[in-house]
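Residue-level structural notes
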Amino acid sequence: MSACVLYYNRGTSCCVRLLTSIFSLRKHYSGPVKLMQEGELPAQFAALLAELRVEIRPLPPSADTVLVAKAALWRQMEDDHAMFLDADTIVRGPVEEFLEWTREFGFVATWFNGWRTDSPRMTRRITEWNKVAPELVPPALAYGKAINSGVQGWSKGAAILPAYEELTRRGVAAECNRLMVDELALQLLLPHHRHFLAHHVWNTSGAFGDIEQARIVHYHGRKHCQPDNPRCDLWKEHYFELLASFPKHADTLRESWGDRRLARFHKTLRRRKDLTVVTAVDPQYAARLKENIRAWMRLPGLKEQRFLIFVNGFQGSHEREFLDYPNVKIVRWEYPHPAASRREFMLAAFLPGVARHVETEYWMKLDADCHPHRPWWEWPDYANHTVVSHRWGFTRMKGDAAATQHWFNRLDEVFSPQQPRFKTRFEVTDKPVSHRPGNAHGLPLRFNSFCHIEKTAFTRRMAEHLERTNGGRMAIPSQDTTSWYCATLWQEPVKLVNMKRWFDNRRSVTTTKTVRDLRCHEVYDCFMASQDKLLDVEWLTYFLMPHCRYPRLNWHGTRLRIVQYPAEFARFLVFLARNHVRSYVEIGVSTGGSLFMVDSYLRAAVPNYERTVGYDRTSKLRDWEAYRQRFGSIEFRPQNSKDINLAGESFDAAFIDANHSEPWVLQDFEKVRAHCRLAGFHDIVLAGASVDKAWQQIKSQHQRHWEFIETRLPPECRCGIGVVAVRETPDLWTGET
C-alpha cells in the first residue's frame, strides 16, 4: 500500500515557506513527497523541488477558495494514504508514526496547541455554525480538544472526506469563519466519524506554543518570520540552512514572491545607512577575530553592513590581511596616554576613537571574540534609544589592579563632582557589586557591551567631557561601565535585550584554564551546559578546537588529544545526533580522545543514549577509570581488529579508525557491517594513507553515503570522514551531503 506526504499550493506567496517546510521534512523522512500544484509553478521552484525529490502533480485552476480546494484534495489522491502538511510548517522529527495512524484509522486530525472547544474563543467560532448545521454544534462543543487542519492524515475512501468538502462549501456560502472555515467544518464532523486525534506536539503553534517539545511547528497566519518572537527563530534557521544548502537557487529564495511578511524580514537584513559596526584588535586578539570575522561576513543581516576596525600593534599590513573585506575600513589606533594599561588602550577605541571616526548616527560595538551561533543576525529596534545592549547584573573592577578609588566614585569625580550619583564611598575590591533587583544600593540593572548599539552623539558627549575634565583619557578602563554610568546620570533611554541569543562572547565554552585542564569525564558537563547549541555545527567546531591535536597544523590539544580536524568532526557528530544514534562502536581508539568526545556528545544530544564500545590492541586510554566510573555503559575491549567478534550485538553507528591500509580497513568493515546501520571511516583523503582506496570501493557498493571534508584546508592537511548507510531506514536524516 502506497503512502506519501502531501502539500498543496496555489500562486507564489507561499512558495518559500513551502520549500522551507519540505527541507525540514527531508531531514527526517526519505519517502515520497508530492505537491498538488494548482496553476502554473515558476520554473525556479520546480527545479528546487526536483532537488528535494518532490513529485509535482498539476491541478487545473479552480474558482473555489483555497480552503475549499484544500478540503477537496481527496478527489485527487493517487496513494492509499497521505499525510497532509500546510506550507507554513516545520517538521522536527520522523513522521512514519503519523502515517501508521492514517493506515489504521483512515483519518487523523491534530489537536492544536492544547486548545479546548469549550474556551470562549472556540465556543464563539463553533456556535457561528448554528446557521449552517445546528445539529452538529453541541457535539463539537462537547468534543473537548480543538483541532487545526494544517496537519492531517487521510486514507483513500475514508467516509469523512466527502462530508468534509461538502460542509466546507456550505460554510463558505454562509460566510462562517472565513479564514478557518475548513478546520471548523472538520471540528464539527469529528464526533461523527472514525478517526485518530494526534497529540498537539504534532501541531504546535509557532506564535505562542511550546516548540521545544513539538514534532511539527505550525506558523499559522503568516507568523513564520515575525520580529521579536524567538519561536520564529526555528523557521528562520531552516530558511537560512535551505539557502546555504542550495546556493545556486539563492536568488530565488531571497525573493519574497508576494510574501509580505518575508519581504519585511528581508528589508531588515539590508545595509543600515544610519549605523557602523565597530571592533578593535591587536595581535593578542588577532586569532580570535580572524576566526570570527569570517563568520560575521557570512551572516545575513551583518555581512551587508559597513565595518570600522581599530588596529594597533601589528608590524605591517600583511599581519592583518584577514581584515581585507570590501566593506571594512581600517583605522590605526593610537592613544596618547603612556600610563594606560593595554586593556584601557584598546577599550578607548570605543569611546574617543568612535567619537572621532564614526560618521553615522549609531554605531555597534562587536567584541573580537563574539562568535555567532545563529545563521543570521536580526537587528533589535534601536531608533528611539540611546543605548541598546545586553542586560547584565553586576559591576566588577576588572583589569584595574592599581585603582585607588572604586569605579563608581571615580566616575562621579570626573563626570559629576558637584552632584555625585553615588552618595557613599565604595570599597576598592575585585568583588562584584550587584545591580539585580532589590540590591543593597538601589542600582539599576546595567549592561555588558560585547554586542552593544549606541548613539554616536552620546559617545561624542562623553568624549568631549573627558577631554575637558580628564585630558581625553578614560576615567576607568571600562567602556560599558562608563556608558552605563553616563546614560544613568543623563537619563538617556536604554533598552536591555538578550544579545547572547545571537553571540557567544567567550573564548571557548569554558575558561582558558578550564579548557587546558579539562579532564575527559568533564566534557559531558560542558555539553549539558550548552544544550541549545549542540546541533550548531559552527559552535561545535569552535568548542572542539582546543581539544584537537593535528601535527600538520601545529595544534597540540588538551588532555583529550583528538586527532581530528574540528570542522569535519563537528559535522560528523551532528550527523550522528540527527540520526538518533543511541549506540556506538569505535575500532582504533588510541588514547580515547575521539571515543570520549563522541560518547559525551551523544549522551547530551540524544535522548536515552545507551552505550559505547571501543576496540584497540592495547589500552592507552587517558583518564579511563574516572570516565568509566561516571559513565558505566562505556566499555573498552583490548583486542586486535582480526579478533573482533560482535555476534549477537548491534549498534546504530560504527567508526573505523585503526590500521589505515586498504586491506585492514576492508577487514574492519566486514567485522561491523552486519551489526550497524551507519558506518564511518576516518582519513578518507589523508595523504600517505590508503583509506581512500577502501573508501571508494565501499561507497560504490552503498547507495547512501556522506563525506565531511574541510575543503578550506590545503589538500595535504585534509583528513576527511566518510559515512555509508549500511542498512536503509525510513527516518535516516539526509541533511548532510
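The following paragraphs examine the structure supplied in this document. (Residues numbered from 1 in each chain as written. Predicted model: local features only at pLDDT ≥ 70, side-chain atom pairs only at ≥ 80, totals over all residues. Heavy atoms only, no water.)

Description of the packing of aromatic side chains
Scanning the entire structure with this criterion turns up 49 aromatic pairs. Arranged with centres 5.6 Å apart and planes meeting at 20 degrees, the rings of Trp 539 and Phe 543 form a pair that is stacked. One end of the pair, Trp 539, and the other, Phe 543, are both in helix 20 (residues 537-544), 4 residues apart, so they sit about a helical turn from each other. On the basis of relative accessibility, which here comes to 2%, the residue Phe 543 falls in the buried class. Taken together, the ring pairs in this structure connect Trp 235, Tyr 239, Phe 240, Phe 265, Tyr 362, Trp 376, Trp 377, Trp 379, Tyr 382, Trp 502 and Phe 503 into an aromatic cluster. For Arg 374, the ring lying beneath its charged end belongs to Trp 502, and the centroid distance is 5.7 Å. (Phe/Tyr/Trp six-rings, centres within 6.5 Å; stacked < 30°, edge-to-face > 60°. Helix = DSSP H or I, 4+ residues; strand = E, 2+ residues; numbered from the N terminus. Buried < 20%, exposed > 50% of the residue type's maximum accessible area, 1.4 Å probe, protein only. Lys NZ or Arg CZ within 6 Å of the ring centre and 35° of its normal.)

What to know about the nonpolar core
Counting residues in each nonpolar core, the largest one holds 85 residues, and the members touching the most others are Met 83, Leu 302, Met 364, Trp 377 and Phe 503. Dropping the residues within four chain positions of it, Phe 503 is found in contact with Trp 296, Leu 299, Leu 302, Leu 366, Cys 370, His 371, Pro 372, His 373, Trp 377, Phe 450 and Cys 451. Among the nonpolar cores identified, the runner-up in size contains 47 residues, and Val 606, Tyr 627, Ala 653 and Trp 706 belong to it. (Core = buried A, V, L, I, M, F, W, Y, C linked by side-chain atoms within 4.5 Å. Contact = heavy atoms within 4.5 Å.)

Observations regarding the sheet that holds strand 9 (residues 204-205)
Strand order in this open sheet of 3 strands is 5-10-9, and the pairing throughout is mixed. Lying at the two open borders of the sheet, with one neighbouring strand each, are strand 5 (89-91) and strand 9. Here strand 5 runs beside strand 10 (residues 216-218); their pairing, made up of 3 bridges, is antiparallel. Across the sheet, the residue bridging to Ile 90 is Val 217, located in strand 10. (Pairing = 2+ DSSP bridges.)

Focus on unusual backbone geometry
Phi at Asp 228 takes a positive value of approximately 60 degrees, unusual for a residue other than glycine. Inspection of the secondary structure assignment puts Asp 228 in the loop between strand 10 and helix 9 (232-245). Backbone geometry at His 580 places phi at a positive 55 degrees, although glycine is not the residue there. Judged by relative accessible area, His 580 falls into the partly exposed class, the value being 33%.

Things to note about empty space enclosed by the protein
Summary: where empty space remains is shown by rolling a probe the size of a single water molecule over the atoms. One pass over the full model with this rule turns up 1 cavity of 30 Å³ or more. Together, Cys 4, Leu 6, Lys 34, Met 36, Glu 55, Arg 57, Gln 76, Met 77, Glu 78, Asp 79 and Ala 82 line the largest cavity. Those elements that provide at least two residues to the lining of the largest cavity are strand 1 (3-10), strand 2 (33-38) and strand 3 (54-59). Among the residues forming the lining of the largest cavity, the class breakdown is 5 nonpolar, 1 polar and 5 charged. (1 Å grid on protein atoms, 1.4 Å probe; cavity = no way out; pocket = protein on both sides within 12 Å on 5 of 7 lines; lining within 4 Å. Points joined across faces, edges and corners; volume = space filled by probe spheres on them. Nonpolar A, V, L, I, M, F, W, Y, C, P; charged D, E, K, R; others polar.)

Section: the pattern of salt bridges
With the rule as written, the count across this model stands at 39 salt bridges. For Lys 70, the salt bridge is made with Asp 86, and the minimal N-O distance between the two is 3.2 Å. Here Asp 86 lies in the loop between strand 4 (81-85) and strand 5 and Lys 70 lies in helix 3 (residues 66-71), a separation of 16 residues in the sequence. According to the relative accessible area criterion, Lys 70 is buried, its value standing at 6%. By relative accessible area, which is 17% here, Asp 86 ends up buried. When the shortest N-O distance is used, the salt bridge between Glu 378 and Lys 236 registers 2.7 Å. Highlighted residues: Glu 378 in the loop between strand 15 (371-372) and strand 16 (387-392) and Lys 236 in helix 9, separated in sequence by 142 residues. Where salt bridges share partners, they join Lys 34, Glu 55, Arg 57, Glu 78 and Asp 79 into one cluster. (Salt bridge = Lys/Arg side-chain N within 4 Å of Asp/Glu carboxyl O.)

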